[in-house]
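One letter stands for each residue in the lines below.
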Amino acid sequence: MKILESQSAVLSNYEVYAHLTAMRATPRSAPQKPSNVDTVLKELTDYLSPPPASRSRVPRYQNPPYGAAALRALVAGLRPYDLTKSEVLMIANLRPESLGLLDCVVEECDERFTAERQDEIVKIVGDVLGRDGDGDGDGDGVNGDGMNGVDGEGGHEDAPV
Amino acid sequence: MFILTTLSDLVQISPEDVEKPSGESIQDNINVKYANKVIQKIGLCICVYDILNASDGLIGHGTGIVNVNVEFRLIVFRPFKGEILLAQISGASEYGMKIRLDFFDDIFVPPNLMFPKSFFNVQEQVWTWVNDGDEYFYDKNEWVRVRVEDEQWNDISPSPPSERGSEPTTERKSPYSITVSPLPLWKQDVLNDTGGSVNQVVFPAKESQLYYSIEGKSQPKAQIGSLLTEDFQGIFGAALLWFEIMSVLYSQAALAEFDV
């Protein structure tokens, strides 16, 4: 084994999830022998999947009810705000819906952005990646693919569009 | 949280796998060798992302094994310092809190990184944070947001017998573990729709968030609102609260080992 490049690229949670999903969907000529790859793939898919309705208390709604196009739209939308790469990555992974979480994700948020700008960022994230929780469901996304696969959140009677 | 790492390795395809398409058997071989294993200073390998190139297969004498030199990229779990993860509490002791992801268990919060005024509650066996006389419990299996502070690597590859000594090794260390510190988790985040349970973890607001709420800004207000008692309503009450919060903040800042 030789390490050619220790970090060639950084992946967001969505990209990893998309890769795992695609991998499972690829037809195989012969079934794979059981190995440790099954363990890690199952556990990782569990972590990255949108939570089922029965676990709606789990605050894991950063996970992908959105598609690759939404990710691109997010990067484009956040470009004017001069965020660093790691900040954009964390925003894509965590989907901050409140100023509180945004403040944790973005370093020195208060010095860099006025209150209105911070509200704008949260709004962009909500518009592009979709919101959860507050009863508006996932129907407001511009993102199209993947939306229908999302479980409805527990007690809400949010009818998916 | 995830990175791509480019590696090159010799892949040996045994005769029974020759009938598979070569791309598939190379990928399977790499996955079996690397998946769910830690490479020192690289991270926890997940699986193959793609194969960049592969040499011709060469068969050695005596075996039917096909040897292929392959360059490939792996998906690797390696959160960067300062990254925020969403994880689950898996245990607690006086030495800190253990936290896990579904696929990775070795995440720790040492006591010195817990919030000020939190302590290990021996009866309940949970860490407890005291805020304004209210106790908040870091219950087991609760989801928390944590920030990566540090990582530790232990090379656990076996040593030669000459260096091993006579006594058997006492404990197995983890090859890769992460030290994290807890982050705020707001009530509206966890109170999704099942209503409030008593033991929701609510972490202290940072100084800036307290400012917000007092100036009437949107989000963390809910939390502060819940901390207000009826005595504090009205303008005079707000002024009083302001001084109280400021004094608490300054005393916390003096004690705190983390930066507010």
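Quick notes on the rules
- Residues numbered from 1 in each chain as written.
- Chains lettered and ligands numbered in written order.
- Predicted model: local features only at pLDDT ≥ 70, side-chain atom pairs only at ≥ 80, totals over all residues.
- Helix = DSSP H or I, 4+ residues; strand = E, 2+ residues; numbered from the N terminus.
- Buried ≥ 20, exposed ≤ 12 C-beta atoms within 10 Å, placed from the backbone.
- Contact = placed C-beta atoms within 7 Å.
- Axes fitted to C-alpha atoms, helices over the stretch in contact; angles between N-to-C directions.
- Parallel < 35°, antiparallel > 145°, perpendicular 65-115°, else oblique.
- Left-handed = near helix turned anticlockwise from the far one by under 90°.
- Nonpolar A, V, L, I, M, F, W, Y, C, P; charged D, E, K, R; others polar.
- Pairing = 2+ DSSP bridges.
- pLDDT = per-residue confidence, 0-100.
- UniProt positions renumbered as here; feature names shortened; annotations may be inferred.
- Expected span 1.5 Å × (residues − 1).
- Arc of directions from axis to C-beta.
- Core = buried A, V, L, I, M, F, W, Y, C linked by C-beta atoms within 7 Å.

1. Remarks on the overall build of chain A
Stage number 1. When you go through chain A residue by residue, the secondary structure sums to seven helices and one strand.
Stage number 2. Ordered by position from the N terminus, the helices and strands of chain A form the series β-α-α-α-α-α-α-α.
Stage number 3. Taking all 161 residues of chain A together, the buried fraction comes to 36%.
Stage number 4. Nonlocal contacts in chain A, meaning residues at least 24 apart in sequence, comprise 54% of its contacts between residues at least 6 apart.

2. Looking at the overall build of chain B
Stage number 1. Along the backbone of chain B there are six helices and 13 strands.
Stage number 2. When each of the 260 residues of chain B is scored for burial, the buried share is 30%.
Stage number 3. Across chain B, every contact between residues at least 6 apart in sequence was considered, and the portion connecting residues at least 24 apart equals 60%.

3. Overview of the packing of helix α3 (residues 68-78) of chain A against helix α4 (residues 85-94) of chain A
Residues and elements named next belong to chain A.
Stage number 1. With their axes 11 Å apart at the nearest point, α3 and α4 run at an angle of 135° to one another. The pairing of α3 with α4 is recorded here as oblique in orientation. Handedness of the crossing formed by α3 with α4: right-handed. In contact with L71, L74, V75 and L78 of α3, α4 contributes V88, I91 and A92.
Stage number 2. Of the residues assigned to the contact of α3 with α4, the class counts are seven nonpolar, no polar and no charged.

4. Observations concerning the pairing of strand β3 (residues 43-54) of chain B
Residue and element names in this part refer to chain B.
Stage number 1. Where strand β2 (residues 38-39) and β3 come together, two bridges link them in antiparallel fashion. Its bridge partner being in β3, V38 is matched across the sheet by L44.
Stage number 2. Across eight bridges, β3 lies against strand β5 (residues 66-77) in antiparallel orientation. Bridge pairing in β5 places I51 opposite F72.

5. Some words on the packing of α3 of chain A against helix α7 (residues 115-129) of chain A
All names here are of chain A.
Stage number 1. One way to put it is that α3 packs onto α7 with a least axis distance of 9 Å and a crossing angle of 160°. Classified by the angle their axes make, α3 and α7 are roughly antiparallel. As for how α3 packs across α7, the hand of that crossing is right-handed. Contacts between α3 and α7 involve A70, A73, L74, G77 and L78 from the former and I121, I124, V125, V128 and L129 from the latter.
Stage number 2. For the contact of α3 with α7, the per-class residue count stands at nine nonpolar, one polar and no charged.

6. Description of the confidence of the model for chain A
Residues and elements named next belong to chain A.
Stage number 1. Per-residue confidence for chain A averages 73 on the pLDDT scale, and 71% of its residues sit at or above 70.
Stage number 2. When pLDDT is averaged over each element of chain A, strand β1 (residues 2-11) comes out on top at 91 and helix α5 (residues 99-105) at the bottom at 83.
Stage number 3. Confidence drops under a pLDDT of 50 for residues 134-161, and excluding neighbours within four residues, the segment shows 62 contacts in the predicted structure.

7. Section: the environment of K117 of chain B
Residue and element names in this part refer to chain B.
Stage number 1. Position of K117 relative to the elements: it lies in the loop between β8 (107-109) and β9 (118-121).
Stage number 2. K117 sits 58 residues away from I59 along the chain, and the two C-alpha atoms are 66 Å apart.
Stage number 3. Setting aside residues up to four positions removed in sequence, K117 forms contacts with W129 and V130.

8. Section: the UniProt feature "domain: RNA polymerase Rpb7-like N-terminal" (unreviewed entry) in chain B
Stage number 1. The sites that carry the UniProt feature "domain: RNA polymerase Rpb7-like N-terminal" (unreviewed entry) are, in the present numbering, residues 8-64 of chain B.
Stage number 2. With 23% helix and 39% strand, residues 8-64 of chain B has its two end C-alpha atoms placed 22 Å apart.

9. Describing the sheet that holds β9 of chain B
Adjacent strands of a sheet pair through backbone hydrogen bonds, lying either parallel or antiparallel.
Residue and element names in this part refer to chain B.
Stage number 1. Strands sit in the order β9-β10-β11 across an open sheet of three strands; the sheet is antiparallel. Here the strands that pair on one side only, and so sit at the sheet edges, are β9 and β11 (134-138). Shown here is a sheet whose adjacent strand axes are inclined to one another by a mean of 35°, direction ignored.
Stage number 2. In this structure, β9 lies alongside strand β10 (residues 126-131), joined through four bridges in antiparallel fashion. For F119, the partnering residue across the bridge sits in β10 and is T128.

10. Things to note about α7 of chain A
All names here are of chain A.
Stage number 1. Taking 1.5 Å of rise per residue, the 15 residues of α7 would be expected to cover 21 Å, and the 21 Å separating its terminal C-alpha atoms lies within 8% of that figure.
Stage number 2. Those residues of α7 lying buried are Q118, I121, V122, V125, V128 and L129. The buried residues of α7 occupy an angular sector of 140° when projected down its axis, which confines them to one face. Pointing more than 90 degrees away from the buried face of α7 are the exposed residues E116 and K123.
Stage number 3. Buried residues belonging to α7 abut α3, α4, α5 and α6 (109-112).
Stage number 4. With its phi angle positive at about 90°, G130 sits one or two positions after the end of α7.

11. Some thoughts on the nonpolar core
Generally speaking, a soluble globular protein has its nonpolar side chains buried in company with each other.
Stage number 1. In this structure, V105 of chain A together with I46, L74, I75 and V76 of chain B are the most contacted members of the largest nonpolar core, which totals 74 residues.
Stage number 2. The residues contacting I75 of chain B, other than those within four sequence positions of it, are L11, V16 and H19 of chain A together with F2, L4, I46, C47 and Y49 of chain B.

12. Considering the sheet that holds strand β13 (residues 176-182) of chain B
All names here are of chain B.
Stage number 1. Ordered in space as β6-β7-β8-β13-β12, the five strands form a closed barrel in which the pairing is mixed. The mean inter-strand angle of the sheet, taken between neighbouring strand axes irrespective of direction, is 50°.
Stage number 2. With five bridges connecting them, strand β6 (residues 84-93) and strand β12 (residues 143-153) associate as antiparallel partners. By the bridge assignment, A87 is partnered in β12 with V144.

13. A short note on unusual backbone geometry
Stage number 1. The phi angle at K41 of chain B is positive, at roughly 65°, despite the residue not being glycine.
Stage number 2. By the element assignment, K41 of chain B lies in the loop between β2 and β3.

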